Number of protein chains: 2
Amino acid sequence: MRQISLKAALDRAACADDFAVLEIARPACPDGGILVRNVHLSLDPYIGPRLRGRHMGEAPPAPMLDPVPGAVVGQVAESRSPGIVEGDWIHSMEGGWQEYSAIAAGAFRKLDPAAAPLAAHAGVLGMPGLTAWAGITQLAKVTDGDTVLVDAAAGPVGGTAGQIARLKGAARVVGIAGGPQKCRLVCETYGFDACIDYRSDGWKDRLKEALPDGASVFFENVSAEMAMTALSVSRPYVRGVLCGLTGASPSAGPAPHALNAGLLIGKRAQLSGLVVYDFYPHWDVFAEEASGWIRSGKLRFCEDRAAGLESAPALFEKLMRGENVGKAVITVSKEAP
Amino acid sequence: MRQISLKAALDRAACADDFAVLEIARPACPDGGILVRNVHLSLDPYIGPRLRGRHMGEAPPAPMLDPVPGAVVGQVAESRSPGIVEGDWIHSMEGGWQEYSAIAAGAFRKLDPAAAPLAAHAGVLGMPGLTAWAGITQLAKVTDGDTVLVDAAAGPVGGTAGQIARLKGAARVVGIAGGPQKCRLVCETYGFDACIDYRSDGWKDRLKEALPDGASVFFENVSAEMAMTALSVSRPYVRGVLCGLTGASPSAGPAPHALNAGLLIGKRAQLSGLVVYDFYPHWDVFAEEASGWIRSGKLRFCEDRAAGLESAPALFEKLMRGENVGKAVITVSKEAP
């Protein structure tokens, strides 16, 4: 089978040429676990720092040996796990960039393939969706009348966060995204009330105009600097979720992570750090609620999908450059084998 | 009567020579308000930035015209306020460094002189105490089993915060203070389990040892840098209260206010900005609860008291240098006239 691995250790953002396609033996089914035929592979921003060993203290994958990490939606090819049989569908954070994965007990969730399109489990029902749901419903606890500001709003986390905020009663949802195409997606498909293009002149003034009464909640997905911009257009007592620092350049020092404590105090901000790992126990509850929203058309998503494992490096480079629109998903193999 | 005013506008930390004692006419009793004979005057760190117009956007007091701002405990000399009569005791944030103050309706609270020593209303029952109570009970919501870390622990805010944390069920209370004398006060008088002297070598290692299971709550009273130290010895999900930045040098730029967003996220920190103004409506509730603790000996306090209005500049300089031990209070005139 094929696996994609790093050619060498990295100390900068990855580009497509940094990856090698290896031919290796298909792994055996582990004791108590499963062997999975990977169908959809999720490409996510955290993989960037993860490859450099800069994500949650995890060691980077060994070059020319380990697969690049990534979540997968796949079908069970062999099971030594009670209650799981060949043909079942699963989601796992431990799949990796390869055609088949050996997945240990406890490292996967069984899916209902009828609940939603299978690829949705890589995005809106996968880790990005769970992140959005956790921030909006469990940390910010968005409720009736809130005004919610979300950045990276065209991305799968931001776009889902704004929509869930609306579903939970937010009166106004405003996004920030890069470029007119992304802003159109945010307003027209995700139904935000406004979306401000941070690449346009005078965008901070327009952001202020789009929030005449200030934000009562912000969901921060880009950088500490952007969080400070969000705070500056927020009401006192704003609830802020610090979710990711995807926009922080890997080469820059600590500055992009700096929050101004004086401004936080002045705004009486209530900040929460969000690490989605903590919410894995809630995944089934979230996925059931969100599957219903998808089926009824209330929660929309958009994919940037490419076919074939070998297309992963190029799509990943596009993701790292912020050029993709919609959730980056690689369809590794056909849904029906 | 005498009033103390700034000699000239300030753009640095104040020292004793920056103040002038003026002889001015005693003010008239305002319509609907009161004229107060000031008895105890509270000197607090916020006055430092306040004199430079760097506190909550408030304009600095006019040199040679306005009194230096400060909270007072005083006795009503004349009343045009319903329900208040000559001889009543009040607390006001609007008193200032002067012998008599004209105080508008709504800008004072009536005190029960039997509830606690009168000077206590300038400290442990005054704004410093309310700040401590608000942070511990209303924001961090300290409860049974918490481990609470407090810095500036010898000060009236920190010392009171640690004691209230204990009264609310904290299992372990650890302080940070500057110098062995302050650390002894924190442990022996305020009853903290440990107090680490941040001026001693290897203090961060000893702080870690004093918190073997990490802090579940920290009350930050000094600087963003100290908040990051607190965070580094905290458990995941720590609730942090950002209360003041008294330790940040007025000449330094934004750096001392910088919080590291990556560390906040990694610790899943729950941060709250605290501005004590917001809790003024709770003052009577707090003061009643805390007066009971004082009477029963469960809440202790320590004063650095000087007599005579003219002693305010020197004590204020001592406060600005962090050299005072206990709440800085000027007794302007005798309790019994």
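Residues numbered from 1 in each chain as written. Chains lettered and ligands numbered in written order. Predicted model: local features only at pLDDT ≥ 70, side-chain atom pairs only at ≥ 80, totals over all residues. Heavy atoms only, no water.

Let's talk about the packing of aromatic side chains
All names here are of chain A.
At step 1: Evaluated as defined, the whole model comprises 14 aromatic pairs over all chains.
At step 2: Arranged with centres 5.0 Å apart and planes meeting at 40 degrees, the rings of Tyr-280 and Trp-283 form a pair that is tilted.
At step 3: Among the aromatic residues, those joined into a cluster by ring pairs are Phe-19, Trp-97 and Phe-316.
At step 4: Directly above the aromatic system of Tyr-100 lies the positively charged group of Arg-26, at a separation of 3.8 Å from the ring centroid. (Phe/Tyr/Trp six-rings, centres within 6.5 Å; stacked < 30°, edge-to-face > 60°. Lys NZ or Arg CZ within 6 Å of the ring centre and 35° of its normal.)

What about the sheet that holds strand S12 (residues 234-242) of chain B?
At step 1: Reading across from one edge, S10(A)-S9(A)-S8(A)-S11(A)-S12(A)-S14(A)-S14(B)-S12(B)-S11(B)-S8(B)-S9(B)-S10(B) is the order of the twelve strands in this open sheet, with mixed pairing throughout. The sheet is open, and its two borders are formed by strand S10 (194-197) of chain A together with strand S10 (194-197) of chain B, each paired with just one other strand. Averaged over all neighbouring strand pairs, the angle between strand axes comes to 15 degrees, with direction disregarded.
At step 2: Summarising the sheet, strand S11 (residues 215-220) of chain A and strand S12 (residues 234-242) of chain A pair through five bridges and their orientation is parallel. Residue pairing across strands places Phe-219 of chain A opposite Val-241 of chain A, the latter belonging to S12 of chain A.
At step 3: This element, helix H2 (residues 127-139) of chain A, spans strand S8 (147-151), S11, S12 and strand S14 (270-273) of chain A together with strand S14 (270-273) of chain B of the sheet and lies at about 150 degrees to S11 of chain A.
At step 4: Across the face of the sheet, helix H5 (residues 203-210) of chain A comes into contact with S8, strand S9 (172-177) and S10 of chain A while running at roughly 170 degrees to S10 of chain A. (Pairing = 2+ DSSP bridges. Helix = DSSP H or I, 4+ residues; strand = E, 2+ residues; numbered from the N terminus. Axes fitted to C-alpha atoms, helices over the stretch in contact; angles between N-to-C directions. Contact = heavy atoms within 4.5 Å.)

Concerning the relation of the copies chain B and chain A
In summary, the two copies of the chain are related to each other by a rotation about an axis coupled with a shift along it.
At step 1: With an axial shift of 0.0 Å and an RMSD of 0.0 Å, the rotation relating chain B to chain A amounts to 180 degrees. In the structure described here, the two chain copies are related by an operation that fits a two-fold rotation axis.
At step 2: When the interface residues of chain B are mapped onto chain A, 100% of them are again interface residues, pointing to one common binding face. (Least-squares fit on C-alpha atoms with pLDDT ≥ 70 in both.)

Considerations on the domain arrangement of chain A
Residue and element names in this part refer to chain A.
At step 1: Domain annotation of chain A identifies domain 1 (2-123 + 302-331) and domain 2 (127-277).
At step 2: A straight line from the C-alpha centre of domain 1 to that of domain 2 covers 28 Å.
At step 3: Summing the contributions of domain 1 and of domain 2, the shared interface buries around 1200 Å²; its carbon and sulfur component is 64%.
At step 4: Between domain 1 and domain 2 we count zero salt bridges in total.
At step 5: Joining domain 1 to domain 2, the criterion identifies four residue pairs in polar contact (both at pLDDT 80 or more). (Domains from an automatic or database assignment. Buried area = accessible area lost by both parts, 1.4 Å probe. Salt bridge = Lys/Arg side-chain N within 4 Å of Asp/Glu carboxyl O. Polar contact = N/O pair within 3.5 Å; in protein donor to acceptor, adjacent residues only side chain to side chain.)

Section: the interface of chain B and chain A
At step 1: The interface of chain B with chain A comprises 25 residues on the first partner and 25 residues on the second.
At step 2: With both chains or domains summed, chain B and chain A bury close to 2000 Å², and 57% of this area falls on carbon and sulfur atoms.
At step 3: The closest approach of N and O atoms between Asp-278 of chain B and Arg-268 of chain A, which form a salt bridge, is 2.7 Å.
At step 4: The interface formed by chain B and chain A includes ten residue pairs in polar contact (both at pLDDT 80 or more).
At step 5: Of all elements in the fold, only S12, strand S13 (258-260), helix H7 (261-266) and S14 of chain B reach the threshold of two or more residues within the side of chain B that touches chain A.
At step 6: Counted by class, the side of chain B that touches chain A contains 16 nonpolar, seven polar and two charged residues. (Nonpolar A, V, L, I, M, F, W, Y, C, P; charged D, E, K, R; others polar.)

Here we look at the state of the cysteines
Think of a disulfide as a covalent bridge from one cysteine sulfur atom to another cysteine sulfur atom.
At step 1: On inspection of all chains with the given rule, the structure shows zero disulfides over all chains.
At step 2: Here Cys-302 of chain A is not cross-linked by a disulfide; its sulfur's nearest cysteine counterpart is in Cys-195 of chain A, at 13 Å.
At step 3: No disulfide involves Cys-183 of chain B; its sulfur sits 3.5 Å from the nearest other cysteine sulfur, which is in Cys-195 of chain B.
At step 4: On the basis of relative accessible area, Cys-183 of chain B is assigned to the buried category, the value being 10%. (Disulfide = S-S within 2.5 Å. Buried < 20%, exposed > 50% of the residue type's maximum accessible area, 1.4 Å probe, protein only.)

Overview of the pattern of salt bridges
At step 1: Using the criterion set out here, one finds 30 salt bridges over all chains in the structure.
At step 2: Connected through shared salt-bridge partners, Arg-2, Glu-99 and Glu-310 of chain A make up one network.

Focus: the packing of helix H2 (residues 127-139) of chain B against helix H8 (residues 283-295) of chain B
Residue and element names in this part refer to chain B.
At step 1: The contact between H2 and H8 brings their axes to 10 Å, and the two run at 95 degrees. Put simply, H2 runs roughly perpendicular to H8. Contacts from Met-127, Gly-129, Leu-130 and Trp-133 in H2 reach Trp-283, Phe-286 and Glu-289 in H8.
At step 2: Tallied by class, the residues present in the contact of H2 with H8 amount to five nonpolar, one polar and one charged. (Parallel < 35°, antiparallel > 145°, perpendicular 65-115°, else oblique.)

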